[in-house]
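Now for the letters of each chain:
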Amino acid sequence: MDSTCFKYNFALVSRVASSFAVESSYDLLRGQTVDIDAARREHEELVDALRRIGVDVIELPCDEKQPDGLFVDDIAVVINGTALVCNPPSLPNKPSRQGEIAVVRQVLRKEIGLKIVEVDTEKATVEGGDVLWTGREIFVGLSTRTNLLGAQAVGKAFPEYPTVIVKVNAPAVHLKDYISMAGPEVMSVSKTEWAQKTFQEIRNSGTVGYKYITVDEDEAANVIYANGVLLHLSNDLIPKGSAVYTNKIDYPRVAVNMTEPLKRGGRLSNCVLLVNRVRHPKRIPTTAQ
């Protein structure tokens, strides 16, 4: 694996719109209400944590017409100096996310200077939460947000990496809801039945060489590894998962308190789009023996 994998210069985040409390393409969990003031305080803490790990944070202004703008990771996939602009689906009786795309595209192209790739057909739907880059291959989850054409668009955008398609199982919205990278060649995986079904597909794909950390909570399995530091939710939110990371991880960790986005089924990584402007050397896909 290239030593520059998981080294990032920039992080895009979006400020929290007041409308996020009342509408979203994500369903509000039963019995929950979103506290916008608390969500904004948590967002400020996340921005501070990102700055502490050495990335320049670009904060996008909130747009009240785009309540899901907070979940900026859904809007683009950035790998190897290329940004694939995603195509979130139009869901019945849910606000459209198409209005989020233009500002993210502009920042990635003009402010950061990335090569931009567009999804080549409107029939292809894909969100970044379903795209897991491991540093040497890409797993794409088929879900209510990402279809087969969308998964194929990811493979076309990043031909230097093998792409493996797996199924996302309910109640998860995205692949990274319960499987993410916790370090170089280290995956964090939830113990839940639905996560383990997807994990078995990953294992059956013939991929080799990864280490795995298993945690009890889906929310604990969604982490951010960047610049040698692991960001995960706070102990209050994932007490069992936090204990596992304490025991298993020997590099720096930062615990982030983020309760409000989780009330709509969002995850920590949904709220951050990490960017490395330096191109990685191209790799020739190989088949595991």
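See the structure printed just above.
Residues numbered from 1 in each chain as written. Predicted model: local features only at pLDDT ≥ 70, side-chain atom pairs only at ≥ 80, totals over all residues. Heavy atoms only, no water.

1. Some points on the overall build of the chain
Argument step 1. Helices and strands together make up the secondary structure of the chain, namely 6 helices and 15 strands.
Argument step 2. A compact globule built from 289 residues should have a C-alpha radius of gyration of about 19 Å, and the chain, at 17 Å, falls within 12% of that.
Argument step 3. Referenced to the eigenvectors of the C-alpha coordinate spread, the extents of the chain come out at roughly 50 × 45 × 35 Å.
Argument step 4. Split into buried and exposed, the 289 residues of the chain put 58% on the buried side.
Argument step 5. In the chain, the share of contacts with a sequence separation of at least 24, taken over all contacts with a separation of at least 6, comes to 75%.
Argument step 6. With an accessible surface of roughly 12,600 Å², the chain has 48% of that area assigned to carbon and sulfur atoms. (Helix = DSSP H or I, 4+ residues; strand = E, 2+ residues; numbered from the N terminus. Rg over C-alpha atoms; globule rule 2.2 N^0.38 Å. Buried < 20%, exposed > 50% of the residue type's maximum accessible area, 1.4 Å probe, protein only. Contact = heavy atoms within 4.5 Å. Areas by Shrake-Rupley, 256 points an atom, 1.4 Å probe, with all protein chains shown as cover.)

2. Section: the packing of aromatic side chains
Argument step 1. What the rule picks out here adds up to 7 aromatic pairs.
Argument step 2. Taken together, a centroid distance of 4.8 Å and an interplanar angle of 70 degrees make the contact between Phe199 and Tyr212 edge-to-face. Of the two residues, Phe199 sits in helix α4 (residues 193–204) while Tyr212 sits in strand β11 (residues 211–215), which places them 13 residues apart along the sequence.
Argument step 3. The class for Phe199 is buried, based on a relative accessible area of 9%.
Argument step 4. Measuring from ring centre to ring centre gives 5.4 Å for Tyr225 and Tyr251, while their planes differ by 65 degrees; the resulting arrangement is edge-to-face. Of this pair, Tyr225 sits in strand β12 (residues 224–226) while Tyr251 is found in the loop between α6 (239–248) and β14 (253–256), placing the two residues 26 residues apart along the sequence.
Argument step 5. The class of Tyr225 is buried, set by a relative accessible area of 12%.
Argument step 6. Ring pairing ties together the aromatic residues Phe6, Trp133, Tyr161, Tyr225 and Tyr251, which thus form one cluster. (Phe/Tyr/Trp six-rings, centres within 6.5 Å; stacked < 30°, edge-to-face > 60°.)

Read these as geometric descriptors, not functional statements.
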